[in-house]
Amino acid sequence: MPSPGCSRLAQASLTSSASRGEATRIWPRRSLCSAKKAGPNREPSGADAVSGVERISEAFASARADGRRAALMPYLMGGFPDLNTSFEIARACVDAGGSLLELGIPFSDPLADGPVIQAAGTTALNAGVTLEDVLGLAGRLSHDGVPVVIMCYENQILARGVERFADMLQAAGVSGLIVPDLPLEEADATVAACDECDVALVPLVAPTTPDERLEQIASRARGFLYVVSLTGTTGADGVIVGSRLVRAAEEAMDPPAAV
């Protein structure tokens, strides 16, 4: 994971005639997994028809339509240095050209993060920032038309229950979810819950991922495929991945690859 001020480049491999105005539309917010709870005979409304995958896809498509090769997805630690400032930083990232946002939830054992993000998360936790606080922040950003992708750890999901957690994401208008410690073999329940709530569960591949496994992971990707750019934790010394893995990821799936 990157430092709080870092950004990620996501390859805009989708094409569309979408305009910048479409990318910044205010997406309708939905009730908790409304389609699931209303029953199979329920007719979907216009709001229900907009899924997290669609919001993410339009963000990438808009970047391509604007003539940019890549969409920009800044990462921010939710609630750092405080909730209000975190919101203002997020809005500044979007105003500066961010197509979508990755919002981290502070956690006491962030095994994939280096010292900078660990420190940011600790600051947020010491200030009393909770998962619910960060989802409230995500809701404000989503209401303003920004596709938000939440990054958290599996224990944070299991502590609330997979289905309830997916409900919470949808209620906040979250478009996608990244869980770096959720392996392919244990992802079925989370994939199903996110699919029910129209939240894109974004899997990760690393420089050490074999080609065959990359194809397996990519086949289950929603929204985009997250390509980890170095070996080791973010912020520590590591080997930056070359273009081979990015090309392999793009060839393995239709949605974009984010680096």
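Look up a bit, the structure's there.
Summary of the structure given here. Just so it is clear, the model here is predicted, and its values are computed rather than measured.

Overview of the pattern of salt bridges
Alright, step 1. Counting across every chain of the model gives 6 salt bridges.
Alright, step 2. We note a salt bridge from Asp144 to Arg91, for which the minimum N-O separation is 3.9 Å. Of this pair, Asp144 sits in the loop between helix H6 (131-143) and strand E4 (148-151) while Arg91 sits in helix H4 (residues 83-95), placing them 53 residues apart in sequence.
Alright, step 3. Taking the relative accessible area as the measure of exposure, Asp144 reaches 33% and is therefore partly exposed.
Alright, step 4. Across the pair Arg222 and Asp195 runs a salt bridge whose closest N-O atoms are separated by 2.8 Å. Taken together, the positions of Arg222 in the loop between helix H10 (211-218) and strand E8 (225-227) and Asp195 in helix H9 (residues 188-196) put the pair 27 residues apart, joining distant regions of the chain.
Alright, step 5. The partly exposed category is assigned to Asp195, whose relative accessible area is 35%.
Alright, step 6. In this structure, a network of salt bridges that share partners links the residues Arg91, Asp95 and Asp144.

Observations concerning H10
Alright, step 1. Inspection of H10 places Leu214, Ile217 and Ala218 among the buried residues, and these make up the whole buried set. The buried residues of H10 occupy an angular sector of 95 degrees when the element is viewed end-on, so they sit on one face. For H10, the exposed residues set more than 90 degrees away from the buried face come down to Glu212 and Glu215.

Considering the pairing of strand E2 (residues 70-77)
Two faces, one strand: in a regular strand the side chains alternate between the faces of the sheet.
Alright, step 1. Counting buried residues in E2 gives 6 out of 8 residues, a clear majority hidden from the surface.
Alright, step 2. Two elements, E2 and strand E3 (residues 101-104), share 3 bridges in a ladder whose sense is parallel. Pairing of Leu76 across the sheet is with Leu103, part of E3.
Alright, step 3. One crossover worth recording links E2 to the parallel E3 by way of H4, and it is right-handed.

The rules behind each value
- Going along each chain's sequence as written, the residues are numbered from 1 onward.
- Whole-chain, interface and lining totals are the exception, using all residues; otherwise, since this is a predicted model, local features are given only for residues with pLDDT of at least 70 and side-chain atom pairs are given and counted only at 80 or more.
- With hydrogens and water excluded, all non-hydrogen atoms of the structure serve as input to the side-chain values.
- A pair is scored as a salt bridge if a Lys or Arg side-chain nitrogen falls within 4 Å of a carboxyl oxygen belonging to Asp or Glu.
- The secondary structure listing takes helices from DSSP runs of H or I that are at least 4 residues long and strands from runs of E that are at least 2 residues long, numbered from the N terminus.
- The buried label goes to any residue with under 20% of its type's maximum accessible area, the exposed label to any with over 50%, and the partly exposed label to all in between, with areas taken from a 1.4 Å probe on protein chains only.
- Working definition: the arc comes from the directions between the helix axis and the C-beta atoms, pointing outward to the latter.
- Each pair of strands is called paired provided DSSP finds at least two bridges between the two strands.
- Orient the strands so they point away from the viewer, and a crossover whose first-strand-to-second-strand path over the helix runs clockwise is right-handed.

Read these as geometric descriptors, not functional statements.
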